[in-house]
Every structure is written in structure tokens, then in C-alpha cells.
Amino acid sequence: MYQYDDYDRRIITERARQFRGQVARRLTGEITEEEFKPLRLQNGLYMQLHAYMLRVAVPYGLLSSTQVRKLAHIARTYDRGYAHLTTRQNVQYNWPKLADVPTILDELASVEMHAVQTSGNCVRNISSDHFAGVAPDELEDPRPYCEILRQWSTFHPEFAYLPRKFKIAVTGTPGDDRTAVRFHDIGLRLVENAAGEHGFEVIVGGGMGRTPQIGEVIREFLPKRYLLSYIESILRVYNLFGRRDNKFKARIKILVAALGIDEFRRRVEEDWEASRTPALELPDAEIERVRAFFTPPPYETLPPSDTQLAAFALGRDRDFGTWVKNNVYRHKVPGYSAVVISVKMPGVPPGDVSDTQLDSIAAVADAYSFGQVVVTHTQNLVLPDVKTSELPRLHAELVALDLGKANAGKLTDVITCPGLDYCDLANARSIPLSLEIAERFDRIDYLNDVGDVSIKISGCINSCGHHHVGNIGILGIDKRGAEFYQLMLGGSPGNDASIGKILGAALSQDEIVGAIEKVLERYLLVRESPDERFLETVRRVGLEPFKQAVYGGAAAVGAA
Amino acid sequence: MGYVKHHQKRFLLSDDLAYAGPVPAPNHWVVTGKFTDDAANAWRRADGTWSRSLAEAGLLTDEATAKSLAEAAIAHEQREISDPYVIEVHAADGTIDPLTARERIRANGPTVPLRRPDSGLRR
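Residues numbered from 1 in each chain as written. Chains lettered and ligands numbered in written order. Predicted model: local features only at pLDDT ≥ 70, side-chain atom pairs only at ≥ 80, totals over all residues.

**Q** For this particular structure, what's the right way to read the overall build of chain A?
**A** Looking only at helices and strands, one finds 18 helices and 21 strands in chain A. For 560 residues, the compact-globule estimate of 2.2 N^0.38 gives 24 Å, and the C-alpha radius of gyration of chain A, at 23 Å, lies within 12% of that figure. Taken over the C-alpha atoms alone, chain A extends approximately 60 × 60 × 60 Å along its principal axes. For chain A, buried positions account for 54% of its 560 residues. Residue pairs in contact within chain A that sit at least 24 positions apart in sequence constitute 67% of those at least 6 positions apart. (Helix = DSSP H or I, 4+ residues; strand = E, 2+ residues; numbered from the N terminus. Rg over C-alpha atoms; globule rule 2.2 N^0.38 Å. Buried ≥ 20, exposed ≤ 12 C-beta atoms within 10 Å, placed from the backbone. Contact = placed C-beta atoms within 7 Å.)

**Q** Before we go on, may I ask you to explain the sheet that holds strand β1 (residues 45-47) of chain A in this structure?
**A** Within a sheet, each strand pairs with its neighbour through backbone hydrogen bonds, oriented either parallel or antiparallel. Residue and element names in this part refer to chain A. Reading across the sheet, the 5 strands line up as β1-β2-β5-β4-β13 and stay open at both edges, with antiparallel pairing between neighbours. Lying at the two open borders of the sheet, with one neighbouring strand each, are β1 and β13 (352-354). Averaged over all adjacent pairs, the angle separating strand axes in this sheet is 30°, with direction ignored. Of the strand pairs in this sheet, strand β4 (residues 82-85) and β13 are connected by 3 bridges, and their pairing is antiparallel. Looking at the pairing, Y82 lines up with S354 of β13. (Pairing = 2+ DSSP bridges. Axes fitted to C-alpha atoms, helices over the stretch in contact; angles between N-to-C directions.)

**Q** Is there a simple way to explain the interface of chain B and chain A in this structure?
**A** Interface size is commonly expressed as the accessible area that is lost once the parts come together. Contacts between the two partners involve 37 residues from chain B, matched on the other side by 41 residues from chain A. No other element matches the 4 residues that helix α2 (residues 101-108) of chain B contributes to the side of chain B that touches chain A. Residue composition of the side of chain B that touches chain A, grouped by class: 15 nonpolar, 12 polar and 10 charged. (Nonpolar A, V, L, I, M, F, W, Y, C, P; charged D, E, K, R; others polar.)

**Q** Can you walk me through helix α11 (residues 318-327) of chain A in this structure?
**A** For an α-helix the count is 3.6 residues per turn, leaving residues at separations of three or four pointing the same way. For α11 of chain A, every residue scored as buried is listed here: W323, V324, N326 and N327 of chain A. On its buried face, α11 of chain A is in contact with α10 (306-313), β11 (328-330), β12 (336-341) and α13 (391-400) of chain A.

**Q** Explain the domain arrangement of chain A here, please?
**A** Residue and element names in this part refer to chain A. Here the domain parsing of chain A yields domain 1 (6-70 + 80-109), domain 2 (134-293), domain 3 (306-400) and domain 4 (415-551). Here domain 1 and domain 2 have C-alpha centroids that lie 27 Å from each other. Of the residues lining the interface, 4 residues belong to domain 1; the matching set on domain 2 comes to 5 residues. Looking at side-chain class alone, the side of domain 1 that touches domain 2 contains 4 nonpolar, no polar and no charged residues. (Domains from an automatic or database assignment.)

Put into C-alpha cells, the structure is as follows:
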């Protein structure tokens, strides 16, 4: 993985030192909260419902075991014994004291981590495929490009005050997008042209939030050397013409929709022709320099393990077999597998990991996966490089750590924003709903029967829980101070991207879990065969059968 | 240290956060904000000091007075308190009840398990 050079180290250390001074001035009353707010946000520090929240950047989700141990230490020493995995592959602490934050930033800097640009109207953490570097169908490892973009965007003076926040995702697996590239401000898909050269399909103007949009292709093939210059032009056009008068209309998706993709493209191309200089070109040597940080670990030469995996899945140990079936993924290197550690345990808020679990995960990563762990946008963790023959031992260790749940990609693997239990913006709670869903449906035979169904919950329209792209999406709303939930069906974040449609009137907290059960029962009734996935059934039959199931004859569509 | 298993806890979304009957009408106002030290929620006592407990809040019988106290806090108490504002409450029989789910959660803390209770500051 990438190692800081002197320059990286210096800017992160200096930033932490600056923030220490700013915090001291706030604590003595020298500056007001109004003056302090933009300073703390630039360092990832939010003021949430009960406490400060510090968001730590995890570039493209990749962590070393040393970094995981440091995260455990911070949770234990400065917070309440846990960290929270976010839907942008970052880590959050929910209870830091203001006076401790500069020291936490020093601690993070000591392991090449920081909280810079995890908030504010700037380019945020670059996200990527959690199987980057190991997916068998990968065209090219996207992480070197994520890292190049991270370095380019960090403290970029022209883009420090954009109209709104800006999110970029990169995937190296054009055939199976696991990064939701079409729902980002810019999505980059590594593709191959007719001449066999690799470059980027550039997608722009996607997003969720108040106005969900599927991004549109602005350029079908961008040679790698123009990556930075072209993205600069997109950002420059957005910076110049994006709305600053209305926060809710300030994202790039609104500008792209207002201008139309053709006019937006024309303006970008015009700027690009006028502004690109050799200084912004990415030489092959620079790409190679960064790529060298992502060379594969020293894999052993092993025979293929597909037969062994199949035998594990069908073996006598049913729990282990189900875990192999649901949580273990094929690896590009024979004899190895990628493992999803589910952080969706019954009774524990989704994505919460305790300090002791973090320490143990670091030890497990050292023992089984070359000391690396990846945070997924589904709020789980991945051990990318596990010898298939060691899966039984690893599973036993994870079970002992309360991290052996076999539900990756299943109904109870719910993406959940912090909601009204923590978030200052939320309208309704997400975590208790997620826990109640997990409890109601936590039966292996039922989970296997309904198959791959994603549930995603957001406590407000900002969509941190990605509800627009859940096969079943749930949006919390406020009705005169009470929590209500809107149910939507048919969303998908992947190559078959779609935005879920609202099923009917918002449901009270007494009704919502029962409504999900009715939707699933109706799916089991109307699907053509056990092979027809939930999403396929919804697309084939439409919403009507599900409306009937939930509301009977009286669905008030769109009412909220 | 830290991790506590929650497996035995049962979650019901519709717990005591929701009113069984109609939401009562507001009959008092309270000034609230956040302690700058740790962003914990703060409620203004009748004597002008700030408490971490809603139960100690000073009840105000008119909204205009409450708003003027919040504005004064913005002007004069920015070191200790951040972002003061006014909420409506229903106070009866010695209890103070906020009227929205948000303010009830602010007053009572997260409704989900925490790893470890607050070891923080008390006033």
C-alpha cells in the first residue's frame, strides 16, 4: 500500500498542529462557534446530536494492521470503545472531546492517516472496489489511480471551496461495478479500447440525496495521461457554474441536469482544450511509481481451490458452509480467496466495531491476509488475500470474535446510516430499525430462500444509507415531530443502476417492519422461480403486487 | 475492555419515544444548546447556568423571553455554549417532555446500545 513521503508527512503533521491552535482558541472563547465551524469541518470534525464526531479518511478503504491497531487505541483511549464504519469506506468516532481531537490527529498522523477533506465542500475521500487488486474479473487495479487522485485533490487550492461536496469513485472491474460509480459526482470506470489500451470511461453528475440521478457518460474513453487535466476541467466548470445560492441545488448533478449532458460536455471540453498543459499530464513513469506501492503480496504457488471451496460450502459444518457460500469470494490468484467479515451482528449497531475486535482483526489480518484489511461501503470489512485452505481456521477465529456472521449480501446485511440516534440532520432513527429487521429475518433458511436482497436505510433525504439504490430502500421522514418511513423498491447501485420507486404512503414505526415482511412474502409468491432475484421480480411485475400486499386497496402513492 | 455483548437485548422501534395518544400541546419553552467542550447537550437552568439534564431546565412561559435568552447566549456565552436555540416542551407533574422524537433523543441519549457509558464531564 501507499507509503507517505516526507511531503505527505509534513503537510499532515502541520495540519494537526494548526488545528491544535484553532481548538485552543475555541476553548478559550477567542473564536466563536460560527468562526470555528469551517475550521473544524476541514478537519473532519462535526457537531452531532449528542457529541462531536470525527470522521477519519481511509483512502479507497485500505488499512494496514498497524493502522487498525491505532484505530483501536483511539477508540479505547479517546472515545467510548468503538469505531463506526461508514458508507464511504471511512471510519467515524462518535464521542471525542474537543480538547482531545488534536492529539487524535497526531496519533493518526503517526500511522499515515488523517481526517482532512472528510467534510466540507471539497473533493472527499476517493472510494473504490473493496475487492480491488484481487477480483478475478478486474481489468486493472484501480487503487493507483485513486491514490494519484487523492494526492492531486488534497489541499488543491482551486477546489477548496466548491459549491458543494464532491465525491469520486473508481472501479477497475467494468463488468461488475461494486463502487456505485454511476451515483458519484464523477465515476471512473477503467475500460479497454479497440486498440487494447486501458483508459477511463468518465461518468458525471450521478448522486443520491434529495434529487437522485444516475450519472451520464461524458467521455467514453479518456487516455490515462489526461486523467488529472480532464477532471480539473470538470471541476472548473462545476466551480464556475454550479449554484451557490441554494444548498439543495448545489451538487454537480443539478448543473448537469440543468445544462444537459451535451452542453455540459461542450463546456468541459472547451475548458480542457484551453487549459491542459504538459504539467498536468500523467507520465507513464508517475503511474508506474504509484503502482509500485500496490504490487501484489508474496503469494505462494498453490493449486486452484474452486473444488475445495465447493466442498466447504456443501460440507457437514452447515454454519461454516453457509459462511463460505455467502462471505467468501473468488480471488484472481489460484488457492486464495477474499473474505468479507460481516459487521452486521444481531444486537450491535451495523458497522460498529469495538476496540478489542479491531485489535483482533489486526491480528487476524497479519496471520491470514498479509496484514491488510479493506473497509467496504456496505459497512463491512474484507480480508483480501486468504489462503482457501485456511478458511476453516479463520472462520473459527472470526466466530470467537463475534464476527463470523454468514450474511454478506443477504437481507440482514443492511446498510444503515447513523440516523436520529446520532446525526444532527436525521429525521428518524435508522439503527433500531435495522436491528429489528435483522432480528425479524435472522433465519438461515429464510435468508437462503429470499436470496440476494439488499435493504438500505437512510434517516433523512441526504441518503447516507443509500436508500435510493436499495432493492428495498427505506427513508426516514419527520411528520410533525414523529418518525415515519417511506418504503421504496427496485433500486440498484451496480451496472444495472436504477433508482427505487416509492411504494406508497409513509408508514409509522409500528408498520414498517411488517410492511417489509409483506413485500418479501409477496415476492416469494410472485417470483417465476427460485432463481429469479427480488430485483428482477420487481422489474418484471412492477410495484402493484407489492402495493396490494402492503396497503391492500388503499395505497396513497407518493403521500408522505 | 470496552466491548459489551448486546445479543440478548431486544429492539422495538416503537418504544417510549412515541406518544401512545396525541402529542400534548406545548405549555413551556426551554433554551438548549451544546457544551463546547464535548458537544454534549445543554439546557439552561432558571439561574442562567447550564445543565446536562433536561430535568434541570428552567421553564419559560413565553416564547419571546426564551428567544431573547437564546440570543443573549449567542452573544455572551459562546465560550461555554455553542448553537443555543429554543424548544417547546410539555411540563406537568414535575416532568419535562420534549414534543419531537429528535428532542426526546437529545434529552435521553441514543436508543441503541453503546460500548461504554460516558466517562465524561458532569455539571
